[in-house]
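# Observations on chain architecture
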Protein chains: 2
Amino acid sequence: MTIKYAILGLLSWKPFSGYDLKKTFENSSEFYWSGNNNQIYKTLVQLLNEGLAVNHVEFQEAYPAKKVYTITDKGLSELKNWVLSMPEPPELRNTFLTQLAWADQLRDDELDSILEKYEYEVRMQLLMHREKSRREGATPARTQREAYLWKMVSENIVMFYENELTWVRRLRKELNENLIS
Amino acid sequence: MTIKYAILGLLSWKPFSGYDLKKTFENSSEFYWSGNNNQIYKTLVQLLNEGLAVNHVEFQEAYPAKKVYTITDKGLSELKNWVLSMPEPPELRNTFLTQLAWADQLRDDELDSILEKYEYEVRMQLLMHREKSRREGATPARTQREAYLWKMVSENIVMFYENELTWVRRLRKELNENLIS
DNA sequence: GTAGTCATGTAAGACGTTACATGATTCT
DNA sequence: AGAATCATGTAACGTCTTACATGACTAC
C-alpha cells in the first residue's frame, strides 16, 4: 500500500482535504497517482487510526465543509522511514508490447498503422505531462534541493516517453526500409 | 483483462498447459507476465467457455497428467482483433519517484545512499532481463519478421532500464557536484 | 436548464498477490 | 532426509477501477 505514502508525502508538505488530494493526484505530473475517491477517503481514515494525521473541519459559506488533514510527528517519522527504505525497481507495464509480439499476422500496412497509433498515444502522453508540469510552475518547493529533486522526477517521466518515442520511430523506419529492399 | 490476450498470444504460437504458461511467463523477458496460478487457471477455464481454446488431457508416466490447451479459429480471430485494436499508452509505475519527491528531509549521504541502492536495483533488473533473453535464444519465431518484432520487444525493455540508469547516474553526479561547489 | 465544481462518502466488482493443498518423482 | 520439479487447483486477502449517491452553488 503505497498510496498511503503518496498521501503522507503531500501532507508533509502542507495540509490537504480528501478533495484537494484527489485534484492534486489528477493534475500533477510529479505527484501523479491513480487515486480515486474510494482509496483516498479510506486511507485518510486509516491515517487517523494510526495516529499519522489529525483532521479538523473547515466550514465555508456557499460550499460544503471540508475536512483538512494535518500530518503528525509520528506521521513525519513514518514517512522518513519509508523514504529511507529499500527502493523497489521500476515496473514497466506496456500491454502494447504484448500486442506487438503477436502482430506478425498483420499485413505490413496494418502493422505500421498500429505503430503509428502507438506513436501518437505516446506523443499525447508527453504533451499532457509537459502541460501539467507547466501549470505546476507555481508549486513552491521548500528548499533549492527539493526544487531540484522535483525537477528530476519530472525529467524522469519526460525521458521515459522520449525513450519510447525513439524506439517506436526506429521500429517504423526499419520495417519500412526492409519493405523497400 | 489482458492476461487473457497474453495467454491467447502464446497459444497462437503453440499449445500450452497451465503449468507451461506459468513457467513461460516467469522465465521469459519478451512474454513476461506476473501470471500466478490463480489467474492462469481461471483464465483458461474462461477461454474454454468462450470457445477460444479447447483442451485435451495428456497422460504421462511418473508425472501428473497435464491439460494441454489449443487455440481455436475463434480464438485466433479474437486475438487478431485485439492486436489491431487501439494501443494503450505505456504506464510507468515507479514508487521510487514518490520516495525521491520527499527525500529532501534526508542528509546528503543518506540521499546518495538510496540513489545508489536504486541504481543497483535497476542494474540487477537489466542483468536479469539480459540473462532471460540469452536463455531464450532457442525460442523459434515463425518468420523473420516475427523474430525481428520479438527482438524489438526485448530491445524496448533494455532501453527502458538503460534510460533509467543514465537518469539516476546523472542525478547522483549533479548532486555530488553541487555539494563540492 | 444543463453541466460543472466543491466536497463528502459507499458499493460492487475486476484484477493481483500470497499462501495453502495434494501427491508422485527426482535430485542433493 | 529434505528440497525441488511436475501439475493441478482453491482460499483469502489486498489493491484498483467504475459507478453511484447527495446537495448547494456557479457558469453558460
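Going by the structure above, here's the rest.
Residues numbered from 1 in each chain as written. Chains lettered and ligands numbered in written order. Predicted model: local features only at pLDDT ≥ 70, side-chain atom pairs only at ≥ 80, totals over all residues. Heavy atoms only, no water.

## Some points on the overall build of chain A
On a plain count of helices and strands, chain A comes out with seven helices and four strands. For chain A, the N- to C-terminal ordering of α and β elements is α-β-α-α-β-β-α-β-α-α-α. Against the 2.2 N^0.38 benchmark of 16 Å for 181 residues, chain A shows a C-alpha radius of gyration of 21 Å, more extended than a compact globule. Every one of the 181 residues in chain A was classed for burial, and the buried ones make up 48%. Here chain A has roughly 9,500 Å² of accessible surface; of this, 52% comes from carbon and sulfur atoms. Seen as two clouds, the 24 positive and the 26 negative side-chain charges of chain A have centres 6 Å apart. (Helix = DSSP H or I, 4+ residues; strand = E, 2+ residues; numbered from the N terminus. Rg over C-alpha atoms; globule rule 2.2 N^0.38 Å. Buried < 20%, exposed > 50% of the residue type's maximum accessible area, 1.4 Å probe, protein only. Areas by Shrake-Rupley, 256 points an atom, 1.4 Å probe, with all protein chains shown as cover. Lys, Arg positive; Asp, Glu negative; His and termini not counted. Charge placed at Lys NZ, Arg CZ, Asp CG, Glu CD.)

## So, the pairing of strand β3 (residues 66-71) of chain A
Residue and element names in this part refer to chain A. Two elements, strand β1 (residues 16-17) and β3, share two bridges in a ladder whose sense is antiparallel. Opposite Phe 16, over in β3, you have Tyr 69 as the bridge partner. In terms of strand pairing, strand β2 (residues 53-58) meets β3 through six bridges, oriented antiparallel. Directly across from His 56, in β3, lies its bridge partner Val 68. (Pairing = 2+ DSSP bridges.)

## Let's talk about the protein's contact with DNA strand C
For DNA strand C, the set of nearby residues contains 21 residues, the closest of which are Tyr 19, Asn 38, Gln 60 and Lys 67 of chain A together with Gln 39 of chain B. Taking all atoms of DNA strand C within 4 Å of the protein, the share assigned to sugar and phosphate is 58%. Between DNA strand C and Asn 37 of chain A there is a distance of 2.7 Å, counted from a base oxygen to a side-chain nitrogen or oxygen. Interatomic distance of 2.5 Å between a side-chain N/O atom of Gln 39 of chain B and a phosphate oxygen of DNA strand C. Sorting the residues of the surface near DNA strand C by element identifies α2 (18-27), α3 (37-49) and β3 of chain A together with α3 (37-49) of chain B as the ones contributing at least two each. The residue inventory of the surface near DNA strand C, partitioned by class, reads nine nonpolar, nine polar and three charged. (Near = heavy atom within 4 Å. Polar contact = N/O pair within 3.5 Å; in protein donor to acceptor, adjacent residues only side chain to side chain. Nonpolar A, V, L, I, M, F, W, Y, C, P; charged D, E, K, R; others polar.)

## Let's talk about the pattern of salt bridges
Residue and element names in this part refer to chain A. Per the counting criterion, the structure on display carries 36 salt bridges over all chains. Note that Glu 162 and Arg 130 form a salt bridge whose closest N and O atoms lie 3.2 Å from each other. Separated by 32 residues along the polypeptide, Glu 162 in helix α7 (residues 144-180) and Arg 130 in helix α6 (residues 108-135) bring together distant segments of the chain. You can call Glu 162 partly exposed: its relative accessible area is 34%. As a salt-bridge pair, Arg 134 and Glu 131 come within 2.9 Å of each other at their nearest N and O atoms. One end of the pair is Arg 134 and the other is Glu 131, both in helix α6 and three residues apart, which spans about a single turn. A relative accessible area of 31% means that Glu 131 is categorised as partly exposed. When salt bridges that share partners are traced, they join Asp 112, Glu 119, Arg 169 and Arg 172 into one network. (Salt bridge = Lys/Arg side-chain N within 4 Å of Asp/Glu carboxyl O.)

## A closer look at the sheet that holds strand β1 (residues 16-17) of chain B
All names here are of chain B. Taken in spatial order, the three strands of this open sheet run β1-β3-β2, and their pairing is antiparallel. Taken across any chain shown, the strands that pair with only one partner, and hence form the sheet edges, are β1 and β2 (53-58). Of the strands in this sheet, β2 and β3 (66-71) touch α3, which is tilted by about 120 degrees from β2. (Contact = heavy atoms within 4.5 Å. Axes fitted to C-alpha atoms, helices over the stretch in contact; angles between N-to-C directions.)

## Describing empty space enclosed by the protein
Under the criterion given, the structure shown has two cavities of 30 Å³ or more. Of the pockets and cavities examined, the largest cavity occupies roughly 70 Å³. Looking at the largest cavity, the residues that line it are Ala 6, Leu 10, Phe 25, Glu 30, Phe 31, Tyr 32 and Trp 33 of chain A together with Leu 97, Thr 98, Ala 101 and Trp 102 of chain B. Elements supplying a minimum of two residues to the lining of the largest cavity: α1 (3-13) of chain A together with α5 (95-101) of chain B. For the lining of the largest cavity, the element with the most residues is α5 of chain B, which contributes three residues. Among the residues forming the lining of the largest cavity, the class breakdown is nine nonpolar, one polar and one charged. Approximately 60 Å³ is the volume attributed to the second largest cavity. (1 Å grid on protein atoms, 1.4 Å probe; cavity = no way out; pocket = protein on both sides within 12 Å on 5 of 7 lines; lining within 4 Å. Points joined across faces, edges and corners; volume = space filled by probe spheres on them.)

## Examining the packing of helix α4 (residues 73-84) of chain A against helix α6 (residues 108-135) of chain B
Contact geometry for α4 of chain A and α6 of chain B: axes closest at 10 Å, N-to-C directions at 45 degrees. The angle between α4 of chain A and α6 of chain B places the two elements in the oblique class. Residues Lys 80, Val 83 and Leu 84 of chain A of α4 of chain A pack against Glu 110, Ile 114 and Lys 117 of chain B of α6 of chain B. Each residue belonging to the contact of α4 of chain A with α6 of chain B can be placed in one class, and the counts come to three nonpolar, no polar and three charged. (Parallel < 35°, antiparallel > 145°, perpendicular 65-115°, else oblique.)

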